[in-house]
Amino acid sequence: VWWDIWSVPATGGEPTLVHRNAAGVDASPTGDAIAYNEARSVDGEFTPGDLFVARPDGSDARKVADPKADFARWSPDGSQLAYHGVDGIYVMDVETGETQHYSDAAGWPEWVDEDTLMIDSDEF
């Protein structure tokens, strides 16, 4: 697989490998966690694997969703993750793992505020 997550100093310097075979990283608003997917190759094509939450250095990783849960984005307060799943958009409470199906549309979720998502989709 050709995707890895790296931490790169904004002021310059050497990159540090955070996680091999991973993609789609998003940092929490507080900077104390990241969400990312395993990067899988299926017939030579990138396919998102399981969704994980970890510390910014990649430690303490825990699986929070099954494969094809991608485009994860943290809510403004860092308590929830919105992501695209197999059959639409989901919102998950990061602490409890409770997940709700938000929309049947396929697309990329992005938080506007704690109560509103924007979804890039052609299915509404």
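Only a predicted model underlies this, so the values are computations on that prediction, with no experimental measurement involved. (Residues numbered from 1 in each chain as written. Predicted model: local features only at pLDDT ≥ 70, side-chain atom pairs only at ≥ 80, totals over all residues. Heavy atoms only, no water.)

1. Digging into the sheet that holds strand β6 (residues 62–65)
Spatially, β3-β4-β5-β6 is the arrangement adopted by the four strands of the open sheet, whose pairing is antiparallel. Because the sheet does not close on itself, it has two edges, and the strands there are β3 (22–27) and β6. Between one strand axis and the next, the sheet turns by 35° as a mean value, whatever way the strands run. (Pairing = 2+ DSSP bridges. Helix = DSSP H or I, 4+ residues; strand = E, 2+ residues; numbered from the N terminus. Axes fitted to C-alpha atoms, helices over the stretch in contact; angles between N-to-C directions.)

2. Notes on the pairing of strand β5 (residues 45–54)
Judged by how many residues are buried, β5 sits mostly within the fold: eight of 10 residues are covered. Two elements, strand β4 (residues 34–42) and β5, share eight bridges in a ladder whose sense is antiparallel. Looking across to β5, one finds that Asn 37 is bridged to Leu 51. The hairpin formed by β4 and β5 contains two residues between the paired strands, and Asp 43 there has a positive phi angle of roughly 55°. Across three bridges, the pairing between β5 and β6 is antiparallel. (Buried < 20%, exposed > 50% of the residue type's maximum accessible area, 1.4 Å probe, protein only.)

3. Examining the pattern of salt bridges
Summed over all chains, the structure comprises eight salt bridges. Between Asp 60 and Arg 55 there is a salt bridge, and its shortest N-O distance comes to 2.6 Å. Residue class for Arg 55 comes out partly exposed when judged on its relative accessible area of 47%. (Salt bridge = Lys/Arg side-chain N within 4 Å of Asp/Glu carboxyl O.)

4. Things to note about the sheet that holds strand β7 (residues 70–74)
The strand order across the open sheet built from four strands is β7-β8-β9-β10, with neighbouring strands paired in antiparallel fashion. One side of each edge strand has no neighbouring strand; the edge strands of this open sheet are β7 and β10 (99–103). Going across the sheet, the axis of each strand differs from the next one's by a mean of 25°, ignoring polarity. Bridge count between strand β9 (residues 88–93) and β10: four bridges; the pairing is antiparallel. Within β10, the residue paired with Val 91 across the bridge is Gln 100.

5. What about a nonpolar patch on the surface?
On the surface, a nonpolar cluster with roughly 320 Å² of combined accessible area is contributed by Trp 2, Trp 3 and Phe 46. For Trp 2, the position within the fold is in the segment before β1 (4–7). Note on Trp 2: relative accessible area 47%, which makes it partly exposed. (Patch = residues over 30% accessible without salt bridge, like charges linked within 9 Å, V, L, I, M, F, W, Y side chains within 5 Å. Areas by Shrake-Rupley, 256 points an atom, 1.4 Å probe, with all protein chains shown as cover.)

6. Overview of the side chain of Thr 47
Inspection of the secondary structure assignment puts Thr 47 in strand β5. Taking relative accessible area as the criterion, Thr 47 reaches 16% and is therefore assigned buried. Once you skip the residues sitting within four places of it in the chain, Thr 47 turns out to touch Glu 38, Ala 39, Arg 40, Val 42 and Lys 68. (Contact = heavy atoms within 4.5 Å.)

7. Things to note about the environment of Ile 34
Assignment of secondary structure puts Ile 34 in strand β4. Classification of Ile 34 by relative accessible area gives buried; the value is 7%. The sequence separation of Ile 34 and Asn 21 amounts to 13 residues, and the corresponding C-alpha distance is 15 Å. Each residue touching Ile 34, except ones within four places of it in the same chain, is listed here: Val 18, Val 25, Asp 26, Ala 27, Phe 52, Val 53, Ala 54, Arg 55, Pro 56 and Trp 74.

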